[in-house]
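One-letter residues, chain by chain:
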Amino acid sequence: MENGKYKYEIHCHTDETSNCGRVPAARLIEIYKERGYDGVVITDHYSQMTFKEKDAFKAGKLYDKFLLGYRTAKEAAGDDFTVLLGMELRGWCSAIDFLVYGMTEDFVKNNGNLLFKYCHRFYKLAKKNGFLIIGPHPYRMFPIRPSLHAVDGIEIYNGKESKEHNQKALAWAKKHNVKIMTSGSDFHRDTHTNFSGILTDEPIKTNDDLIRILKSGNYETITNEANF
C-alpha cells in the first residue's frame, strides 16, 4: 500500500510471453512486491511480434504461448498479491495497440485467432464480454492513434514515454472528454524505473473489481514528474 491506498500496476510484460519482455514473470512479481504494490495486470503482447509467423494462423499455439507469462506470474504471486489477466492486442499488419482489461483464459481459448479481429470488430466483441479497452501510449509511433470509437479510455501516462508524449496524450484525452484515463509503467526490463499504475481506496481482487473501479473514476493515476 501507499499512503493508505492500494497500489496496482496495470501495464506490464513478461519474458515468457512477450518477445520484447526481458524479466521472467516470477521476478516481475518480486520487483512489484518490493515496490509496495498490491497487484499487477499482466498485459502481454498478443501480436505478430509475439508469435512466430508459422504459428500465427494456429489459434491453439497462440493460446498456450499467450497465457504462459500470466500463469507463471499467478503461481509465483501467492495468496496475498493480485494477478489479473490483461492483453496488449495488435492486429495482424497493424500498428495500433489496445490494452484490454477483464480478459479471461476462456475468452482467449474460445474466440479463435484474435490477430484478425481488428479494432471495431474486436470492440464489439469486448463489449459483449464486459471488457474495457484502453488506447496505450497514443503518441509513441508516427501520429497514429486509436479511433475513439474503438476504445473506452486512454493511457495518459506511460512510464517509457517522454514528458512531451505523455502531455500530448493527456491533452488529447481532455480535448475529447475521455472519461477513463490510466497510467502504466509498460514494464519490460528491470532497468525500467518509472513505475506507474493506479491507487485505489479498495482492494482489487477480480476483473470485476478492476472494471468497476476504472469505470467509476475512483482511483488516482501514479505519475513521475520527470515524464509528466
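Residues numbered from 1 in each chain as written. Predicted model: local features only at pLDDT ≥ 70, side-chain atom pairs only at ≥ 80, totals over all residues. Heavy atoms only, no water.

K.L.:
Run through empty space enclosed by the protein, naming residues and quoting values.
P.N.:
One pass over the structure, following the stated rule, counts 2 cavities of 30 Å³ or more. Computed from the structure, the largest cavity encloses a volume of approximately 90 Å³. Along the walls of the largest cavity sit Ala-95, Ile-96, Asp-97, Pro-136, His-137, Pro-138, Arg-140, Met-141, Ile-144, Arg-145 and Pro-146, which together make up its complete lining. Grouping the constituent residues of the lining of the largest cavity by class yields 7 nonpolar, 1 polar and 3 charged. Its volume calculated, the second largest cavity comes out at about 40 Å³. Along the walls of the second largest cavity sit Tyr-8, Ile-10, Gly-39, Val-40, Val-41, Thr-82, Leu-84, Ile-204 and Leu-210, which together make up its complete lining. Looking at the lining of the second largest cavity, the elements that each hand over two or more residues are strand E1 (6-12), strand E2 (39-42) and strand E4 (82-90). The greatest single-element share of the lining of the second largest cavity, amounting to 3 residues, is contributed by E2. (1 Å grid on protein atoms, 1.4 Å probe; cavity = no way out; pocket = protein on both sides within 12 Å on 5 of 7 lines; lining within 4 Å. Points joined across faces, edges and corners; volume = space filled by probe spheres on them. Nonpolar A, V, L, I, M, F, W, Y, C, P; charged D, E, K, R; others polar. Helix = DSSP H or I, 4+ residues; strand = E, 2+ residues; numbered from the N terminus.)

K.L.:
Can you lay out the side chain of Ser-18 for me, pointing to particular residues and giving the numbers?
P.N.:
Positionally, Ser-18 belongs in the loop between E1 and helix H1 (25-34). Residue Ser-18 is classed as buried on the basis of its relative accessible area, which comes to 0%. In contact with Ser-18, other than residues within four places in its own chain, are His-13, Asp-44, His-45 and Thr-50. (Buried < 20%, exposed > 50% of the residue type's maximum accessible area, 1.4 Å probe, protein only. Contact = heavy atoms within 4.5 Å.)

K.L.:
Go over the packing of aromatic side chains with me, naming the residues and quoting the values.
P.N.:
With the rule as written, the count across this model stands at 9 aromatic pairs. Ring geometry for Tyr-37 versus Phe-195: centroids 6.5 Å apart, planes at 50°, classification tilted. Of the two residues, Tyr-37 is situated in the loop between H1 and E2 and Phe-195 in the loop between strand E8 (180-184) and strand E9 (197-200); the sequence distance between them amounts to 158 residues. Just above the ring of Trp-172 sits the side chain of Arg-145; from NZ or CZ to the centre is 5.3 Å. (Phe/Tyr/Trp six-rings, centres within 6.5 Å; stacked < 30°, edge-to-face > 60°. Lys NZ or Arg CZ within 6 Å of the ring centre and 35° of its normal.)

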